[in-house]
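Okay, here's what each chain looks like letter by letter:
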Amino acid sequence: MSYSKFIARLVTERRGFLWVAVALIAAASIYVLITRMTLDSEVLNLLPGKFESVQGLKVYNNDFAQTRELTFALLCQPNDVDKLEEFSPIFAERLRAQPWTTRVLSGSPMETPQGIHDLQELAVPLLLNLEPQAFAETISILQPANLQARLSHLHQEIEAGSPRPEFELQLDSLGVVAPALKPFAGNAALQEGQPLASPDRTLRIFLAVTNQATLDAFACQALMEKVNAFRATANEGWDGGPLEILVTGRSAYVAEISLSMRHDIVVTLLGSILLVSTVFFVGFRRWLPLLGMGFSLLLCCLVALAVGLLIFHELNMVTIGMCAILIGLGVDFAILIFGRYQQARNEGSDHASAIEEAVAKLGRAIFFGALTTSVGFLALLLGGAAGFTQLGVLIAIGILVAGLFMTSVFFLFTRERSLPPPHDWILILVRLYVRRMLRAPALILWIALPLLLLLFAIAVSPKPPIIFDASTKSMEPKSSAAGYALQTIMGKMPTRWEPVIGIVRAPNEERLHADWRKVEAHWRDLLKAGAIKDFSTPAALALSPMLMEDNRRRLRTIDFAATRQALETAVTQEGFSRDTFTAGFALLDRLQAVASGAQPVPDWRKQLPLSSSWWFLVDRYFAQDPLLTVGFVTTNQPVETHAQKETLREKLPIAGVPMTLSGWSFTLTDLLPWSHHQLILISGLMAFFDAFLLAVLYRDLRLWLIQIVTLILAVGAMIATMKLAHIALNLLNVLAFRLVLAIGVDYGIYVLLVWQKAREVEHDVAGVLKPVALAGLTAIAGFGSLGFANNPTLSGLGVACAIGLAWSLFATIFFTLPAAAAARSKSIESGAQESRKYFHA
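This one's a predicted model, so the numbers in the text were calculated from it and none came from an experiment.

(A) Representation of the overall build of the protein chain within the structure. The secondary structure content of the protein chain amounts to 33 helices and 12 strands. Considered along the principal axes of its C-alpha atoms, the protein chain spans approximately 135 × 60 × 55 Å. The buried share of the protein chain, taken over its 841 residues, is 55%. Considering only residue pairs separated by 6 or more positions, the protein chain has 83% of its internal contacts joining residues 24 or more positions apart. On the protein chain, roughly 35600 Å² of surface is accessible, and the fraction owed to carbon and sulfur atoms is 62%. Positive and negative side-chain charges of the protein chain, numbering 69 and 69 respectively, have mean locations separated by a distance of 13 Å.

Printed below as a string of structure tokens:
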């Protein structure tokens, strides 16, 4: 029994059995969705994971404490800068009082007594970590004679009216703290070059670390609800002009992206359903088949999502566009099969016979259409991006399922008593066009071909250039408050641009110390040569256990009793207050205890209170795993080109130190060759697959050439339209080209397969051209609805595909058909000439 007969008998004679099967499939899919639905809002999963820079960015985003950091900014009018200075401490205290903050940085820790005290607590371990020569020079200050001479000199400077000695005594009464902290203070160079206030004083920045337990989408949404509530009341007491309280950070972005996912699901899905349903109803004017189409597509979406969850365990932000795309593509099969069913009923066939004829005539075309479309989406796997891999697999599954359901389940919503409308104005127009096209194909070609050739010339011409956007903006939601805050901060502080990060992981503390010493020396040479603008490393805090043990032995050479006595004497002789030297005497006690072995070398991580502002600097360099660290390089200019990235990749690493270079701008420029590869090579492979499949299907060189030329002209028109409309390509919507090749070829397949087997060309071609036109419009509507998404990646992909499919449909109707008709006429004429020659002979 043929498949078409089996389906006709199943739908008409075994309806109950088919409904039970549908119910079981739906129930199983819904169960999977309810029990396993997890959303992934990680934007990095949209990038190909095989790149080292992408992997580094994921490590930096997931393992370092800065992922829980929020950046607040106060922005005022120019005439309110003095009021902003007065209000800033009030805002900082209010921010510290929030239960969701663990610490806040509103200025340099060196400007507060607590910051100075916290820094002194690091003196002992950092002193012991100095290189041997620097350590020897530093502890020589503790010799009684040197200590007395130093205090005498400071007393003379104070008498001369200099304020510096008083600050020096407060911070470092013994004179050993400053040398110990010198490497640590040098690492703040990058921070000094990026201040917390704008040059015009209209913007102040505050950094806050939150206490959110996890970084998933729901935790970020809950945190940002509290943050936004705080922002609504934080300006109480401000009596100036408009004051903007901005906030940005990873949690802010994740909350926005995850919430926009809900918006995108609703808008794209409802928009696609509305547009597709409108096209279907206008074309056929039947409610029950429209309901059947919607039910079948919903079932396809459920099955695809359920299978996708079973495979991937979670769905990301791009995959949410799957339903809108699937509706736009899956409805093609319903339109094609129902159009042929209606034609059979118009010709007098009964319900079962019409189903059998529709499946028999178009089942093969639908199968190959589903195959090419599925292959096109499965080609997304070649990009290596997890997000688009999910999208490709889910739509491929959905399209194959749609091909099956539209030739079976859909017919449950057709009735024996339901006849086509007596007057079908769309079919009348289509028949009129087909009739004239068959009579004068050259006329239509003379109108359509010059337009397509002109657009193709624009596509291959270097002017106007096609816009390629590789900035981080192309990855942000369209209306992003966090993005606006970041842009405002960058605009107010032009010296603040994203540094390149170098991630170093070591097996032990000794290796970590050695690696960063090498890197710091190498980067210092680059700085002197002018190759970079600045750098910052964790070298000062990457302690060496061996070096510290050696220095502890050297510390035993100090006579601490004599040093203490000399300090007591000098304080008395110079007339200093003993309270000023309380910290100095305590430091002597700690050094003596460490030198004698009575006390182990203090762990600097345990010395700093959790609320200390110095953790902002420490957490900048160290992950939760203390052996995972990062350094920063500020380039002379923002990294915007692949050439800049290659230069940095060549210069920044040093032999013998495994290092991963990354950063958002660095990563996006690193992906430019990949994006071009996707555009050219992968699209080329898709085109080769199309060409091979068409050759197998048609087995006719003329039809094969016509279809290939159609694809080339359609893609050319797509590129030209994007150029003229200034629609930018980005790292991800270049994937649209392979999708257009996969989907656009279907229209030609549907038409030319019927053309080849047509007994009455005008009748058969007109019968398939109407559903093809409607199917093209629904696919365009499905992808076009993605343009309303907040996610620019999804929106850009939808707009690009809609443009490409529109030109594919245009080229099929106004080039493929007239060209096939012209070739057929020429073939008939050649055959007639051969016959006349034969009879004449």
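(B) Examining the environment of Pro 165 more closely. Summarising the element assignment, Pro 165 is placed in helix α9 (residues 164–171). For Pro 165, a relative accessible area of 0% translates into the label buried. Placed 323 residues apart in sequence, Pro 165 and Thr 488 show a C-alpha to C-alpha distance of 41 Å. Beyond its immediate sequence surroundings of up to four residues, Pro 165 is in contact with Leu 154, Glu 157 and Ile 158.

(C) Geometry of the confidence of the model for the protein chain. Confidence in the prediction for the protein chain averages 82 pLDDT; 91% of positions are at 70 or higher. Predicted confidence for residues 188–193 stays below pLDDT 50, and this span has 10 contacts to residues more than four positions away or in other chains. Considering only residues more than four positions removed or in separate chains, one finds that residues 828–841, a stretch of pLDDT under 50, has 0 contacts.

(D) Seen up close, helix α4 (residues 81–96). For α4, with 16 residues, the first-to-last C-alpha span of 23 Å sits near the 22 Å given by 1.5 Å per residue. For α4, every residue scored as buried is listed here: Val 81, Leu 84, Phe 87, Ser 88, Phe 91, Ala 92 and Leu 95. Contacts from the buried residues of α4 go to β2 (69–75), β3 (101–105), β4 (203–210), α12 (217–233) and β5 (244–249).

(E) Seen up close, the packing of aromatic side chains. Scanning the entire structure with this criterion turns up 24 aromatic pairs. Residues Trp 516 and Trp 523 carry aromatic rings whose centres are separated by 6.2 Å and whose planes lie at 75 degrees to one another, so their mutual orientation is edge-to-face. Look at Trp 516 and you get buried, because its relative accessible area is 0%. Trp 523 sits in the buried class, given a relative accessible area of 1%. One Lys or Arg, Arg 578, reaches over the ring of Phe 585 and ends 4.1 Å from the middle of that ring. Taking the ring centre of Phe 632 as reference, the NZ or CZ of Arg 620 above it sits at 4.1 Å.

(F) A look at unusual backbone geometry. Put simply, Lys 463 and Pro 464 share a cis peptide bond, and its omega is -5 degrees. Topologically, Pro 464 is positioned in the loop between α19 (441–460) and β7 (468–469). Phi is positive for Arg 201, which is not a glycine, with a value near 70 degrees. With respect to the helices and strands, the residue Arg 201 is situated in the loop between α11 (189–193) and β4. Positive phi, normally seen in glycine, also occurs at His 726, with a value near 55 degrees. Topologically, His 726 is positioned in the loop between α30 (701–724) and β12 (729–730). Taking the relative accessible area as the measure of exposure, His 726 reaches 60% and is therefore exposed.

(G) Focus on a nonpolar patch on the surface. There is a patch of nonpolar side chains on the surface, built from Ile 265, Val 266, Leu 270 and Ile 273 and spanning about 320 Å² of accessible area. Relative to the assigned elements, Ile 273 resides in helix α13 (residues 250–284). Overall, Ile 273 belongs to the partly exposed group, its relative accessible area being 36%.

(H) Representation of the side chain of Thr 101 within the structure. With respect to the helices, strands and loops of the structure, Thr 101 is situated in strand β3. By relative accessible area, which is 11% here, Thr 101 ends up buried. One polar contact links the side chain of Thr 101 to the main-chain carbonyl oxygen of Arg 96, over a distance of 3.5 Å. Looking at Thr 101, its side chain comes within polar contact range of the main-chain oxygen of Gln 98, at 3.0 Å. When residues no more than four places from it in sequence are discounted, the contact partners of Thr 101 are Leu 95, Arg 96, Ala 208, Val 209, Thr 210 and Asn 211.

(I) The arrangement of the sheet that holds β2 in detail. Ordered in space as β3-β4-β2-β5, the 4 strands form an open sheet in which the pairing is antiparallel. Each edge of the open sheet is held by one strand with a lone partner, namely β3 and β5. Across the sheet, the axes of successive neighbouring strands diverge by a mean angle of 25 degrees, strand direction being ignored. Of the strand pairs in this sheet, β2 and β4 are connected by 7 bridges, and their pairing is antiparallel. Paired with Glu 69 across the bridge in β4 is Val 209. Those strands touched by α4 are β2, β3, β4 and β5, and its axis lies near 10 degrees from that of β4.

(J) Representation of the nonpolar core within the structure. Ranked by internal contacts, the top residues of the largest apolar core, which has 143 residues, are Met 293, Phe 377, Phe 410, Phe 411, Trp 755 and Phe 783. At 17 residues, the largest contribution of residues to this core is made by helix α33 (residues 792–840). Discounting residues that sit within four places of it in the chain, Phe 783 has contacts with Ile 325, Leu 329, Phe 377, Ile 743, Gly 798, Val 799, Cys 801, Ala 802 and Leu 805.

(K) Structural view of the pattern of salt bridges. Summed over the entire model, instances satisfying the criterion amount to 18 salt bridges. Here Arg 204 ties to Glu 85 by a salt bridge, and the two come within 3.4 Å at their closest N and O atoms. Placement of Arg 204 in strand β4 and of Glu 85 in helix α4 is noted, with a sequence separation of 119 residues between them. A residue is classified by how much of its surface remains accessible, and Arg 204, at 14% relative accessible area, is buried. The exposure class assigned to Glu 85 is partly exposed, which follows from its relative accessible area of 34%. A salt bridge links Arg 578 to Glu 568, with the nearest nitrogen and oxygen atoms 2.6 Å apart. Of this pair, Arg 578 sits in the loop between α23 (560–574) and α24 (582–596) while Glu 568 sits in helix α23, placing them 10 residues apart in sequence.

(L) Representation of the sheet that holds strand β8 (residues 500–505) within the structure. The 4 strands are arranged β9-β10-β8-β11 in an open sheet whose pairing can be described as antiparallel. Two strands bound the open sheet, and with one partner strand each, they are β9 (534–536) and β11 (660–662). Neighbour-to-neighbour, the strand axes of this sheet turn through a mean angle of 20 degrees, independent of strand direction. Sitting on the sheet, helix α3 (residues 52–63) touches β8, β10 (628–634) and β11, and the angle it makes with β11 is about 80 degrees. Each of β8, β9 and β10 is contacted by helix α21 (residues 509–528), which is oriented at about 5 degrees to β10, the strand it contacts most.

(M) Spotlight on the environment of Gln 66. By secondary structure assignment, the location of Gln 66 is in the loop between α3 and β2. Sequence separation between Gln 66 and Ala 208 is 142 residues, and the spatial gap between their C-alpha atoms is 9.6 Å. Among residues more than four places away in sequence, those in contact with Gln 66 are Tyr 60 and Asn 61.

(N) Here's a closer look at the pairing of β10. Most of β10 sits out of view: 7 of its 7 residues are buried. Side chains Leu 628, Val 630, Phe 632 and Thr 634 of β10 all project onto a buried face; the interleaved residues Thr 629, Gly 631 and Val 633 project onto the opposite face, where all are buried too. With 6 bridges joining them, β8 and β10 adopt antiparallel strand pairing. Within β10, the residue paired with Gly 502 across the bridge is Gly 631.

Conventions adopted
Residues numbered from 1 in each chain as written. Predicted model: local features only at pLDDT ≥ 70, side-chain atom pairs only at ≥ 80, totals over all residues. Heavy atoms only, no water. Helix = DSSP H or I, 4+ residues; strand = E, 2+ residues; numbered from the N terminus. Buried < 20%, exposed > 50% of the residue type's maximum accessible area, 1.4 Å probe, protein only. Contact = heavy atoms within 4.5 Å. Areas by Shrake-Rupley, 256 points an atom, 1.4 Å probe, with all protein chains shown as cover. Lys, Arg positive; Asp, Glu negative; His and termini not counted. Charge placed at Lys NZ, Arg CZ, Asp CG, Glu CD. pLDDT = per-residue confidence, 0-100. Expected span 1.5 Å × (residues − 1). Phe/Tyr/Trp six-rings, centres within 6.5 Å; stacked < 30°, edge-to-face > 60°. Lys NZ or Arg CZ within 6 Å of the ring centre and 35° of its normal. Patch = residues over 30% accessible without salt bridge, like charges linked within 9 Å, V, L, I, M, F, W, Y side chains within 5 Å. Salt bridge = Lys/Arg side-chain N within 4 Å of Asp/Glu carboxyl O. Polar contact = N/O pair within 3.5 Å; in protein donor to acceptor, adjacent residues only side chain to side chain. Pairing = 2+ DSSP bridges. Axes fitted to C-alpha atoms, helices over the stretch in contact; angles between N-to-C directions. Core = buried A, V, L, I, M, F, W, Y, C linked by side-chain atoms within 4.5 Å.

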